[in-house]
Amino acid sequence: MTDQTHRPRIGFFTRLLERTTPAERYRYALEQIEHAERHGFASAWLAQHHFGEDEGGLPSPFVLLAAAARQTSRIALATGVITLPIDDPVRAAEDASVLDALSGGRVQLGVAAGGTPSSFAPFGRASEERRELFADHFAIFLDSLSGQGIRGTEARLYPPADGLDRRIWQATFSADGGRRAGERGDGLMLSRTQPRPEHDRDLSLAELQLPIIDAYAAALPAGSPYRVLASRTALVVDPGRRDQALALAEPGLRQLAKTFLGADADDLELATLIRLTDTHVGTAEEVAESLAADRTLTRASDVAFQVHSIDAPHELTLRSLELLATEVAPRLGWPVGELITDQLRDAHKINTEGPR
């Protein structure tokens, strides 16, 4: 296979963190998904978080995605991610299969072994056992989705999951995790909050993530589809609102730098915070320029944009989605529209040679 750059499909990602009531958060998310579809995004990814409003506002992504299925017709409806060590794998498979039937086959399934450590105990799970739990639950999840007998019984999933076992994406921070996803022919999900090693906090996101992609690509069986999704933070604004966007960005990025990067962020300039947190904020021209410098994206088949950790109001999020599709993507030569939604819907069926 030859080295090549890739023109990723654009997607929308949300953790539902608007500072409002739960009902309003869910209404905003549905409006944002509709807006993303209207402007040619390929996918909408919802995060799952339990017990609290600060890290994420949605414990049940399948429920909200079912509501989105009624209000949309093309955009892929995706979990980003289901924490399988916590969830019952059979129930997760059933919910996914019902959603896929309701949506006309638009579901993509992101799964992971991680999750907020404090969320495990209320479910009777131990966070330190998450890898073993994931391996066990993932096997049951796959058996259920592929129509096998569940837990050694004659029970079969209903409704049948039409190809859902091939629409799985595994999230990971490690090259070993990338290898495991590749060996199964799954998609690979990469986070904007990739942890930095203690000894080198200044490593770029590309330096951390390209080795994961290398391990994934090397492990893919011959003829398997190449699917790599990178999550990125982007807030794109009209020139007259640039100062507002930067002011909104500073508190969240300073906290992110402290929490995830271990940085002494109190005295850092905003430009440094933007660089350290791999955030893309500003006008369409500025965001296109910074995205063009992100080497990971040349190896991604998909990129999912969120505004977090910027505390952007709903209307600014909607405008950012519009500008990403109409001004940023064209500057980068990235496609939008029905072509990419159709491509993603069939991506698990197509034998492709991904960028190496």
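Here the structure is a predicted model, which is why all the values come from computation and not from measurement. (Residues numbered from 1 in each chain as written. Predicted model: local features only at pLDDT ≥ 70, side-chain atom pairs only at ≥ 80, totals over all residues. Heavy atoms only, no water.)

Participant: Just to check I follow, could you spell out helix H11 (residues 338–345) for this structure?
Facilitator: The α-helix winds at 3.6 residues per turn, so residues separated by three or four positions along the chain end up facing the same way. What H11 keeps buried is the set Ile340, Thr341 and Leu344. For H11, the buried positions fall inside an angular range of 105° around the axis, keeping them on one side. Where H11 is buried, its residues contact strand S1 (9–14), strand S2 (43–46), strand S3 (76–83), strand S4 (107–112), strand S5 (168–171) and strand S9 (302–306). (Buried < 20%, exposed > 50% of the residue type's maximum accessible area, 1.4 Å probe, protein only. Helix = DSSP H or I, 4+ residues; strand = E, 2+ residues; numbered from the N terminus. Arc of directions from axis to C-beta. Contact = heavy atoms within 4.5 Å.)

Participant: Would you mind showing me how to read the nonpolar core here?
Facilitator: Nonpolar side chains tend toward joint burial in soluble globular proteins. Counting 70 residues, the largest nonpolar core has Phe41, Leu109, Phe141 and Leu145 as its most contacted members. Residue contributions to this core peak at six residues, all from helix H10 (residues 314–332). If sequence neighbours within four positions are ignored, Leu109 has contacts with Phe62, Thr79, Ala96, Phe141, Leu145, Leu164, Arg167, Ile168 and Trp169. (Core = buried A, V, L, I, M, F, W, Y, C linked by side-chain atoms within 4.5 Å.)

Participant: Teacher, can you tell me more about the pattern of salt bridges here?
Facilitator: Opposite charge on two side chains permits them to pair, given that their charged atoms come into close proximity. One pass over the structure, following the stated rule, counts 21 salt bridges. Arg167 serves as the salt-bridge partner of Asp100, at 2.8 Å between the closest nitrogen and oxygen. Of the two residues, Asp100 is situated in helix H3 (residues 89–103) and Arg167 in the loop between helix H4 (130–145) and S5; the sequence distance between them amounts to 67 residues. Judged by its relative accessible area of 3%, Arg167 falls in the buried class. Linked by salt bridges that have partners in common, Asp176, Arg179, Arg180 and Glu183 make up one network. (Salt bridge = Lys/Arg side-chain N within 4 Å of Asp/Glu carboxyl O.)

Participant: Which parts of the structure should I look at to understand the packing of H3 against H4?
Facilitator: To characterise two packed helices, one gives the angle between the axes of the helices and the distance between these axes. At a closest axis distance of 8 Å, the pairing of H3 and H4 adopts a crossing angle of 40°. The crossing of H3 and H4 is right-handed. Contact residues: H3 offers Pro89, Val90, Ala92 and Ala93, while H4 offers His137, Ile140, Phe141, Ser144 and Leu145. Classifying every residue of the contact of H3 with H4 by side-chain character gives seven nonpolar, two polar and no charged. (Axes fitted to C-alpha atoms, helices over the stretch in contact; angles between N-to-C directions. Left-handed = near helix turned anticlockwise from the far one by under 90°. Nonpolar A, V, L, I, M, F, W, Y, C, P; charged D, E, K, R; others polar.)

Participant: Honestly, the side chain of Thr317 in this entry has me stumped. Any pointers?
Facilitator: Structurally, Thr317 can be placed in helix H10. For Thr317, the residues in contact, after removing those within four places along its chain, are Gln32, Val307 and Ala312.

Participant: How should the confidence of the model for the chain be read in this particular structure?
Facilitator: Residues shown with low pLDDT carry predicted positions that ought not to be read at fine detail. The predicted model of the chain averages 93 in pLDDT, with 96% of residues at 70 or higher. Per-residue pLDDT stays below 50 along residues 352–356; that stretch engages in 22 contacts with residues further than four places along the chain or on separate chains. (pLDDT = per-residue confidence, 0-100.)

Participant: Sorry, what's going on with the pairing of S4 here?
Facilitator: The side chains of a regular strand alternate, residue by residue, between the two faces of the sheet. Across the six residues that make up S4, a large majority, six, are buried. A two-sided burial pattern is seen for S4, the buried positions comprising Val107, Leu109 and Val111 on one face and Gln108, Gly110 and Ala112 on the other. Here S3 runs beside S4; their pairing, made up of five bridges, is parallel. Bridging across to S4, Ile82 finds its partner in Val111. Since S3 and S4 lie parallel, the crossover through H3 that links them has a hand, and here it is right-handed. Looking at chain direction, S4 and S5 are connected through three bridges and run parallel. What sits directly across from Val111, in S5, is Gln170. Each parallel crossover has a hand, and the one from S4 via H4 to S5 is right-handed. (Pairing = 2+ DSSP bridges. Right-handed = clockwise from strand over helix to strand, strands pointing away.)

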